[in-house]
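One-letter residues, chain by chain:
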Amino acid sequence: MKTIYKVSLIILLFILIGYPGSPVFSQGISSTELIKGAKEYDAKTITYTGEAIGDVMIRGEFAWVNINDGENALGAWLSASLAKEIEFTGSYKTRGDSLEVTGIFNRACLEHGGDLDIHVQKLRKISPGMKINRSLQPDKRNLSLILFGALFLIWILTLFRHK
Amino acid sequence: MILKPRLEDLKIIGFYLGKVILGLAFTMAIPILTGLLFGEFNPALDFLLGIEISVLLGLILLKVCHTEKDLNWMQGMIVVSLSWVVVMFLGAIPLYLSGHWKSFLDACFDAMSGFATTGLTLAQDLDHLSYTHNLWRHLIMFLGGQGIIVIVLSFFVRGFSGAFKMYVGEARDEKILPNVVHTSRFIWSVSFVYLALGTIALGITGIFNGMKPLNSFFHGACIFMAAFDTGGFSPQSQNILYYHSLIYEVITIVIMILGALNFKLHYHLWMGNRKEIFRNIETSTLFVTIIATFSIVAVGLVQIGSYPSAVMLFRKGFYQLISGHTGTGFQTVYPQQFLADWNNLALVGLIIAMALGGAVCSTTGAIKMLRIGIIFKAFKEDLKKIIMPERALVVEKFHHIKDVFVEDKLARSALIITLAYIILYLLGALVGMFYGHPFLNALFESTSAAANVGLSCGITNIAMPAGLKVTYIIQMWAGRLEFMSVFTILGFLIAVIKGK
């Protein structure tokens with residue numbers, strides 16, 4: 001019986017904690033879910049996680065950061081001061097900061113000409129980005145040398161043929 | 001009786017194909033230099049391998065098939081058709097080696113999409129792609145837009161009579177200057193001047209938008225190449241949505257329209273003949289069809305209430321419409337939004353715009369404005385003949401650089417190509433439906449591929465069946481070459497099998 005009470009209590013706690021925040025989609029909404037279910041999530045507070053990519057584009061007191069969760073990248077509109085927390089953005093040579101943003105999701109933002117975006121209220125850096133070291137791939141280098149040799153051979157053969 | 005092609009035919013085709021391949025190898029040096037400049041050594045190595053394989057193949061063809069003979073019409077057309085297939089395979093090598101494409105077929109898909117200035121992509125993790133590979137993706141649009149054969153004619157040919165046959169085979173039946181080599185060089189001059197201006201405009205806008213200067217000018221050059229050549233690739237996965245900028249969108253609209261105009265018209269504008277732009281049948285038809293198709297799109301979007309303000313309608317509705325009509329394929333909405341936020345009426349308006357395309361002798365695909373204008377004039381002439389008394393002499397003419405009478409031969413040719421395009425759009429849609437997509441979605445994607453547009457409603461993705469990928473590759477190829485070269489190669493294959 002004690003176990004039943006414990007389980008009931010835990011369920012009750014979950015309901016009570018969850019109730020006041022019912023419009024908030026707090027965990028794990030992917031970009032695909034947001035794009036496909038844009039009407040459902042429109043004007044709601046959501047939490048979205050992904051890697052900051054490209055440029056942090058400062059626009060006056062605000063900034064645009066595009067965040068990619070591995071499926072799509074979504075535009076996040078945040079204050080310039082929050083944007084300063086972002087150190088690395090994803091590119092060929094860097095892995096961008098992994099961010100968790102909480103804010104209002106817009107299917108077609110009135111302020112930004114109909115863009116599907118997130119107006120960020122809270123930003124949390126889950127893990128910092130880093131530079132990626134890429135050493136020369138030996139198999140490609142070797143193949144390149146072999147092909148260069150083949151080209152050289154053809155050139156030599158051409159010379160003999162001319163003679 | 002069908003005659004079997006002789007060994008000599010094959011040698012001539014092989015020899016000129018070898019020249020085209022060497023031309024392609026030469027262009028791969030540009031990404032290598034970029035790679036070295038940005039310190040991206042593995043990507044530079046991918047292109048070194050691409051060059052080596054291309055030079056090897058090109059040299060073998062030149063040596064084995066060496067000939068002094070010139071091309072005839074059939075051989076010229078076949079060289080063009082095969083060139084596009086061969087450069088697709090060779091251009092895909094560095095893409096595939098980057099590891100950002102799941103299979104070689106996917107890399108071929110993107111290579112054909114780039115060369116044919118379509119813009120549909122199967123790239124993975126585009127946001128981490130190197131500058132080197134990104135430059136190549138956009139450069140192949142620039143090369144394919146002007147025409148692969150145009151490159152060879154401009155830089156590798158001192159003038160041979162077969163040049164015109166290859167030039168025509170690449171869906172460019174209008175000479176700007178009396179000599180095709182000079183015409184090709186003019187096309188390049190125009191393109192380079194616009195490239196410089198466009199890159200500066202987009203680069204400065206990017207800096208004002210908060211991008212880093214180097215990134216901004218790199219993106220500027222890439223986006224210009226994709227816009228002017230009505231391609232539609234972009235360095236980032238979000239396409240134009242990445243920039244979140246109205247000014248950026250307006251500039252790209254201007255570049256897309258410039259790219260959709262006839263190079264002959266550009267020539268007359270450069271020569272100071274500004275009246276031509278208002279008198280030309282292509283520009284007037286383009287203006288009318290933009291208004292007509294945008295009206296359909298706007299009514300559809302207003303009905304569904306997706307974009308309630310005028311600015312939103314401009315940035316989402318009009319932008320997609322211009323992008324589709326000019327055959328570019330830039331998007332400021334996510335592919336899935338077409339199905340979620342656009343109703344059938346708006347989608348049909350966009351499909352019609354994609355199917356129509358821009359001007360002949362431009363970088364756009366699709367039916368094109370000159371043919372639409374001629375068909376309309378022919379229709380008007382026939383209508384007048386019915387209304388007017390029998391003895392009345394009814395003639396219709398139009399202005400395209402000079403005044404031209406609408407003759408039956410002209411109308412027939414315009415109708416045949418239009419019909420061929422419609423069949424191509426429908427065949428692709430049938431294949432899409434075969435793979436389980438609804439009719440309108442399948443028609444949208446098929447029209448986008450065959451008209452070399454690049455807008456996507458989400459069908460084009462990595463998980464797409466191989467059969468559909470191959471279908472779209474064929475559509476992009478046939479649509480870009482406007483059928484004549486494709487028909488010739490089919491005839492050639494029949495002659496190889498059945499000929500005596």
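Since the model is a prediction, treat every value here as computed from it, not as a measurement. (Residues numbered from 1 in each chain as written. Chains lettered and ligands numbered in written order. Predicted model: local features only at pLDDT ≥ 70, side-chain atom pairs only at ≥ 80, totals over all residues.)

Draft legend 1. Region of interest: the overall build of chain A. Scanning chain A from N- to C-terminus turns up five helices and seven strands. Traced from its N-terminal end to its C-terminal end, chain A shows the element sequence α-α-α-β-β-β-α-β-β-β-β-α. Across the 163 residues of chain A, 32% fall into the buried class. By sequence separation, contacts in chain A at least 24 residues apart represent 55% of the contacts at least 6 residues apart. (Helix = DSSP H or I, 4+ residues; strand = E, 2+ residues; numbered from the N terminus. Buried ≥ 20, exposed ≤ 12 C-beta atoms within 10 Å, placed from the backbone. Contact = placed C-beta atoms within 7 Å.)

Draft legend 2. Expanded view of the overall build of chain B. Counting its secondary structure elements, chain B contains 22 helices and two strands. Judged by the C-alpha coordinates and their principal axes, chain B covers about 65 × 65 × 50 Å. Contacts spanning at least 24 positions in sequence make up 74% of the contacts within chain B whose residues lie at least 6 apart.

Draft legend 3. Geometry of the nonpolar core. Grouped together as the largest cluster of nonpolar side chains are 173 residues, with contacts concentrated most on Val65 of chain A together with Met112 of chain B. Per-element tally for this core: the top contributor is helix H4 (residues 73-97) of chain B, with 14 residues. (Core = buried A, V, L, I, M, F, W, Y, C linked by C-beta atoms within 7 Å.)

Draft legend 4. Main features of helix H21 (residues 466-481) of chain B. Residues and elements named next belong to chain B. Here H21 spans 23 Å end to end across 16 residues, near enough to the 22 Å set by a 1.5 Å rise per residue. Most of H21 is tucked away, with 12 of its 16 residues classed as buried. Residues of H21 that are buried: Leu468, Lys469, Thr471, Tyr472, Ile473, Gln475, Met476, Trp477, Ala478, Gly479, Arg480 and Leu481. Close packing links the buried residues of H21 with H4, helix H5 (104-115), helix H19 (408-434), helix H20 (439-450) and helix H22 (484-498). Of the residues one or two after H21, Glu482 is the one with positive phi, at around 55 degrees. (Expected span 1.5 Å × (residues − 1).)

Draft legend 5. Region of interest: the sheet that holds strand E1 (residues 45-59) of chain A. Residues and elements named next belong to chain A. Taken together, the five strands give a closed barrel; going around it, the order is E1-E2-E3-E6-E5, and neighbouring strands pair in mixed fashion. For this sheet, the mean angle separating the axes of adjacent strands, direction not counted, is 55 degrees. Bridge count between strand E2 (residues 62-68) and strand E3 (residues 73-79): seven bridges; the pairing is antiparallel. Paired with Asn66 across the strands is Gly75, a residue of E3. (Pairing = 2+ DSSP bridges. Axes fitted to C-alpha atoms, helices over the stretch in contact; angles between N-to-C directions.)

Draft legend 6. Structural context of the packing of H4 of chain B against H5 of chain B. Residue and element names in this part refer to chain B. Put simply, H4 and H5 touch, their axes get as near as 8 Å, and they point 120 degrees apart. Taken together, the axes of H4 and H5 are oblique relative to one another. Crossing angle aside, the handedness with which H4 passes H5 is right-handed. Facing Trp84, Val87, Met88, Phe89, Gly91, Ala92, Leu95 and Tyr96 of H4, the residues of H5 in contact are Phe104, Ala107, Cys108, Asp110, Ala111, Met112 and Phe115. (Parallel < 35°, antiparallel > 145°, perpendicular 65-115°, else oblique. Left-handed = near helix turned anticlockwise from the far one by under 90°.)

Draft legend 7. Examining the pairing of strand E5 (residues 98-106) of chain A more closely. With seven bridges joining them, E1 of chain A and E5 of chain A adopt antiparallel strand pairing. Counted as the bridge partner of Thr45 of chain A is Ile104 of chain A from E5 of chain A.

Draft legend 8. Just the environment of Leu339 of chain B, in detail. All names here are of chain B. Secondary-structure assignment places Leu339 in helix H16 (residues 335-341). Along the sequence, Leu339 and Ser245 sit 94 residues apart, while their C-alpha atoms lie 24 Å from each other. Beyond its immediate chain neighbours, meaning those up to four positions away, Leu339 contacts Asn441, Cys457 and Gly458.

Draft legend 9. Focus on the confidence of the model for chain A. Considering every residue of chain A, the mean pLDDT works out to 85; 82% of them sit at 70 or more. Long-range and interchain partners of residues 14-23 of chain A, a stretch whose pLDDT sits below 50, account for three contacts in this model, where long-range means more than four residues apart. (pLDDT = per-residue confidence, 0-100.)

Draft legend 10. Summary view of the packing of helix H11 (residues 246-259) of chain B against helix H15 (residues 310-325) of chain B. Residue and element names in this part refer to chain B. Direction vectors running N to C along H11 and H15 enclose 25 degrees, while the axes themselves pass 10 Å from each other. Here H15 runs roughly parallel to H11, going by the angle between their axes. Every pair of crossing elements has a handedness; the one defined by H11 and H15 is left-handed. Facing Leu246, Glu249, Ile253, Met256 and Ile257 of H11, the residues of H15 in contact are Arg315, Tyr319, Ile322 and Ser323. Broken down by class, the residue content of the contact of H11 with H15 amounts to six nonpolar, one polar and two charged. (Nonpolar A, V, L, I, M, F, W, Y, C, P; charged D, E, K, R; others polar.)

Draft legend 11. Summary view of the environment of Met256 of chain B. By the secondary structure assignment, Met256 of chain B is in helix H11. Residues within four places of Met256 of chain B in sequence aside, it is in contact with Ala227, Thr230, Ile322, Ser323, Thr326 and Thr328 of chain B.

Draft legend 12. Molecular detail of H20 of chain B. All names here are of chain B. The terminal C-alpha atoms of H20 lie 16 Å apart, and with 12 residues this matches the ideal 16 Å at 1.5 Å per residue to within 8%. Of all 12 residues that make up H20, nine are buried, and the element is covered over most of its length. Listed in full, the buried residues belonging to H20 are Ala442, Leu443, Phe444, Glu445, Ser446, Thr447, Ser448, Ala449 and Ala450. Buried-residue contacts for H20 involve helix H17 (344-356), H19 and H21. In the segment just after H20, Asn452 is the residue with positive phi, at about 55 degrees.

Draft legend 13. Highlighting the pairing of E3 of chain A. All names here are of chain A. For E3, the tally of buried residues reaches six of seven residues, placing the bulk of the element in the interior. Hairpin connection of E2 to E3: four residues between the antiparallel strands, including Gly70 at a positive phi of 100 degrees. One ladder, built from three bridges, connects E3 with strand E6 (residues 117-127); its direction is parallel. In the sheet register, Trp77 faces E6, and the bridge partner there is His119.

Draft legend 14. Just unusual backbone geometry, in detail. All names here are of chain B. Despite not being glycine, Asp125 shows a phi value in the positive range, around 50 degrees. You can see Asp125 is positioned in the loop between H5 and helix H6 (131-146). The exposure class assigned to Asp125 is partly exposed, which follows from the 13 C-beta atoms found within 10 Å. A positive phi angle, close to 70 degrees, is found at Ala366, a residue other than glycine. By the secondary structure assignment, Ala366 is in the loop between H17 and helix H18 (369-387). Exposure remark for Ala366: the 28 C-beta atoms within 10 Å place this residue in the buried category.

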